[in-house]
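# Inside the fold
Here is how the chains run, residue by residue.
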Amino acid sequence: MKILPIQVLAFALAFNAHVVHADAPSFIAAASIQQLKDVYLRCAETSSNEVLDRGTAAHCSLVADALRDRGFEGSFERMLLWWHVARQAGAERAREDASPAATPALLR
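Presented here is a report on the structure given in the accompanying data block. This structure is a prediction, so every number in the text was calculated from the model and none was measured.

### Examining the overall build of the chain
- Looking only at helices and strands, the chain has five helices and zero strands in total.
- Here the chain holds 108 residues, and 29% of them are scored as buried.
- Intrachain contacts of the chain at a sequence separation of at least 6 include 65% that bridge at least 24 residues.
- Of the roughly 7000 Å² of accessible surface on the chain, 59% is carried by carbon and sulfur atoms.

Printed below as a string of structure tokens:
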């Protein structure tokens, strides 16, 4: 079981790899709603496959709270609906990317 630190999640989304736990509130406050959505989806994906360390879990929780409040006017239900739609769209993209038709002929 691999545990990803908060820096790996941030780096994966093209944010500063030097974000530390103490900087999480300023990172979240400065993030756009789209950035919060991207981090939230990455957190959800990662946590479905492995156990997050405490710092990363706390960061993901803060991101979820900020996204709910700023992106969905405090409605957890609206955020949950968005997440289901986004997760389904991501799964469909992954299936399309994995299909032989999506692979250029030269690479087959």
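There is more to say after this.
### Notes on unusual backbone geometry
- Residues other than glycine seldom take positive phi values, yet E73 does so here, at roughly 50°.
- Tracing the chain through its elements places E73 in the loop between α4 (54–71) and α5 (76–98).
- According to the relative accessible area criterion, E73 is exposed, its value standing at 69%.

### Side note on the state of the cysteines
- Tallying each qualifying case throughout the model produces one disulfide.
- The residue that forms a disulfide with C43 is C60, at a sulfur-sulfur distance of 2.1 Å. Its S-S torsion of approximately -80° makes the covalent link between C43 and C60 left-handed. Here C60 lies in helix α4 and C43 lies in helix α3 (residues 33–49), a separation of 17 residues in the sequence.

### A look at the packing of aromatic side chains
- Per the stated rule, a full pass over the model turns up two aromatic pairs.
- Where Y40 meets W82, the ring centres are 5.9 Å apart and the plane angle is 50°; that geometry is what we call tilted. Placement of Y40 in helix α3 and of W82 in helix α5 is noted, with a sequence separation of 42 residues between them.
- By relative accessible area, Y40 is classed as buried at 15%.

### Quick notes on the nonpolar core
- I28, L36, Y40, V63, L67, M79 and W82 are the most contacted members of the largest nonpolar core, which totals 19 residues.
- Not counting the four nearest positions on each side in its chain, W82 is found in contact with K37, Y40, L41, L67 and F72.

### A short note on the packing of α3 against α4
- Their axes nearest at 9 Å, the elements α3 and α4 cross at an angle of 140°. By the angle class used here, α3 and α4 are oblique. Crossing angle aside, the handedness with which α3 passes α4 is left-handed. Two secondary-structure elements touch here, α3 through I33, L36, K37, V39, Y40 and C43 and α4 through H59, C60, V63, A64, A66, L67, R70 and G71.
- For the contact of α3 with α4, a count of residues per class yields ten nonpolar, two polar and two charged.

About the thresholds
Residues numbered from 1 in each chain as written. Predicted model: local features only at pLDDT ≥ 70, side-chain atom pairs only at ≥ 80, totals over all residues. Heavy atoms only, no water. Helix = DSSP H or I, 4+ residues; strand = E, 2+ residues; numbered from the N terminus. Buried < 20%, exposed > 50% of the residue type's maximum accessible area, 1.4 Å probe, protein only. Contact = heavy atoms within 4.5 Å. Areas by Shrake-Rupley, 256 points an atom, 1.4 Å probe, with all protein chains shown as cover. Disulfide = S-S within 2.5 Å. Phe/Tyr/Trp six-rings, centres within 6.5 Å; stacked < 30°, edge-to-face > 60°. Core = buried A, V, L, I, M, F, W, Y, C linked by side-chain atoms within 4.5 Å. Axes fitted to C-alpha atoms, helices over the stretch in contact; angles between N-to-C directions. Parallel < 35°, antiparallel > 145°, perpendicular 65-115°, else oblique. Left-handed = near helix turned anticlockwise from the far one by under 90°. Nonpolar A, V, L, I, M, F, W, Y, C, P; charged D, E, K, R; others polar.

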